[in-house]
Amino acid sequence: MANLVRTNVDNEMVKAVAAVVLKGHWDNLLKPKMGSFVTSTTISQALLHISQNYFSLSWSFFQWAESVPSYKHSLQSSWTMIYILTKKKHFKTAQDMLQKVAVKDFLSSPTVLNALVRSNLNNDVNSHLLSWLVIFYANSKLLYDAIQVFEHMRVCKLMPHAHACTTLLNSLVKDGLTDTLWKIYKKMQKIGVVPNIYIYNVLMHACCKSGDVERAEDLLREMEFKATFPDLYTYNTLISLYCKKGMHYEALCVQDRMERAGVCHDIVTYNSLIYSYCREGRMREAMRLFKEIKDATANLVTYTTLIDGYCRANSITEALRLRDAMEAKGLYPGVVTYNSILRKFCEQGQMKDANILLNEMNEKKVVPDNVTCNTLINGYCKIGDMKSALKVKNKMLEGGLKPDRFTYNAMIHGFCKVKDTDGAKEVLFDMVRIGLSPSYCSYSWLVDAYCHLNDEVAVVSLPDEFTRRGYLVDVSFYRAIIRRLCKRGKIDGAEKVFHIMQTKGVLGDSLIYATLAYAYFKVGKVDVASGLLDNMYRRRLMITLKMYKSFNASYSDENTLLDMFWNNMVQRGLISRTVYDDIQQLKILY
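Predicted, not measured: the structure shown is a model, and the values here were computed from it. (Residues numbered from 1 in each chain as written. Predicted model: local features only at pLDDT ≥ 70, side-chain atom pairs only at ≥ 80, totals over all residues. Heavy atoms only, no water.)

**Quick look at the packing of aromatic side chains**
Tallied over the full model, the rule gives 21 aromatic pairs. Between F136 and Y137 the ring centres are 5.7 Å apart and the planes differ by 55°, which places this aromatic pair in the tilted class. Of the two residues, F136 and Y137, both sit in the buried class. Between Y548 and W566, the ring centres sit 4.5 Å apart and the planes meet at 55°, which makes this aromatic pair tilted. On the criterion of sequence distance, the pair formed by Y548 in helix α33 (residues 545-554) and W566 in helix α34 (residues 559-571) is long-range, its members being 18 residues apart. Across the pair, exposure class does not vary: Y548 and W566 are buried alike. The structure contains a cluster of three or more aromatic residues connected by ring pairs, namely Y518, F521, Y548, F551, Y555, F565 and W566. Geometry around W182 places R215 over its ring, the cationic atom sitting 4.0 Å from the centre. Directly above the aromatic system of Y440 lies the positively charged group of R483, at a separation of 4.3 Å from the ring centroid. (Phe/Tyr/Trp six-rings, centres within 6.5 Å; stacked < 30°, edge-to-face > 60°. Buried < 20%, exposed > 50% of the residue type's maximum accessible area, 1.4 Å probe, protein only. Helix = DSSP H or I, 4+ residues; strand = E, 2+ residues; numbered from the N terminus. Lys NZ or Arg CZ within 6 Å of the ring centre and 35° of its normal.)

Below, the structure is given as structure tokens:
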């Protein structure tokens, strides 16, 4: 059979094909005389014609045609069969077939969707099909395609099913696309989608992930207004949000409301509230709640939260006692539990105890993770045992774990602490080599170490050393070095680095100019400071709210001088009055 597409369907040919199928003489369609006139469009129309009275026959014929070696169903004939299956309520078969077609064909294209929807004008069936398509794309992490299908449904005034809406919104939450989620939700409301408890729960989860308390409270009011009663998941999500934001009283109010609504707590409810107490260091209240757990069973998360809380409250003895109680109940600590105890030992410099714990993990087949290794490395770096820190790093690599920014920063800090600037520098270069960007702290520790050794020349030569090794030196590098030198009062060194930066063609940003200007302003060189501020103005470099915060955090003990400096900046037009007023209102300007 030829797979040709014709715009005008020959009704006589459709009837002829249908007659052949009804009589059971299917092989006649393979003969050249008739087969050359049978197109995919003919097959589609014949399937629709036959299915009106003989659905099973139409499905059998479709499967038979699919098995013919010389013939392949087009998207048009496949879609027609899916349409027929859906109309006859064979939903599972239709869904399976739709998924296979969606994998092969670009169904989310507006042009393709438009042609498919127009080929069969039953809106209920089309709503089914496109809703399934949204679900398939969303579950396949093809969010752009899922949104395109949803948008087409909206344009065609086809109502998406609640399950499709829930799946799409949930996928957006998982991918952290909160802004897109709220835009899609508004569009859903406009086309008449009535949110059910599942949609509301997804929206509540989005609020929890983004920490948006105000919107979560608005959602709860909307649910009440629409008589959609919150369930256990709704309440747990809201309690978790309040607990994460440190709003313990509000979390307890939700718990009380939950009880009055007749919704029983589960262990997730208790775990959130216990976490809130532990976060605030209120271990007595946390243990009281732990002992009051009813209609639920404490799990690994419960014990780990409490153990971590005791460790943070400097009660390592209680943490270890609780770990023993946990094991006695048949719950065995995982790597997260061990990491909490390990962190406390390392913070206190008890590296012998930390190693005993590590051996215990090994005996119990608990595999260390990045947090375990970083905690040990940081512990060794704090006591200046860089040899042991390097051993842990090597074991980390042997175990298939990748050192991260925390690993490198801990080692840079450790080498600087023992005044091994060469070691610190090598770690810094290694960090850059693997594609990690050093932070302000990474550079500032190295600057501090050189300054303690009175080796300002080494700091000034750092840009050239980076260049010689083939690493790109961007503005963030110069910003960090200049800021740290200025903070330490090494203005001459900062000026030299600033000059090198300019000769390399790197343009300074607002923070670099403001830092240098303030350093000169502080030592009474007002003319030099003014010259830098004039350059800022010429380049239209403005101070933002974020820069204000960063600056004031660095010079928090110099409030009066800072006030004078910022007023000078406002007068020069380097800080907008709006930003300045916001700072004053938020009391960020000390």
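**Examining the pattern of salt bridges**
Overall, the coordinates contain 29 salt bridges when judged by the stated rule. With its nearest N and O atoms 3.8 Å apart, the salt bridge here joins E347 to R343. One end of the pair is E347 and the other is R343, both in helix α20 (residues 335-347) and 4 residues apart, which spans about a single turn. Of the charged contacts, one joins R572 and D534 as a salt bridge, the two residues approaching to 2.5 Å between their closest N and O atoms. (Salt bridge = Lys/Arg side-chain N within 4 Å of Asp/Glu carboxyl O.)

**Quick notes on the packing of α20 against helix α22 (residues 370-382)**
Packed helices, taken two at a time, are described by the angle between their axes plus the distance between the axes. With their axes 9 Å apart at the nearest point, α20 and α22 run at an angle of 5° to one another. Overall, the two elements α20 and α22 adopt an arrangement that is roughly parallel. Mapping the contact onto sequence places V335, N339, L342, R343, C346 and E347 in α20 and V371, T372, T375, L376, G379 and K382 in α22. Class assignment for the residues of the contact of α20 with α22 results in 5 nonpolar, 4 polar and 3 charged. (Axes fitted to C-alpha atoms, helices over the stretch in contact; angles between N-to-C directions. Parallel < 35°, antiparallel > 145°, perpendicular 65-115°, else oblique. Contact = heavy atoms within 4.5 Å. Nonpolar A, V, L, I, M, F, W, Y, C, P; charged D, E, K, R; others polar.)

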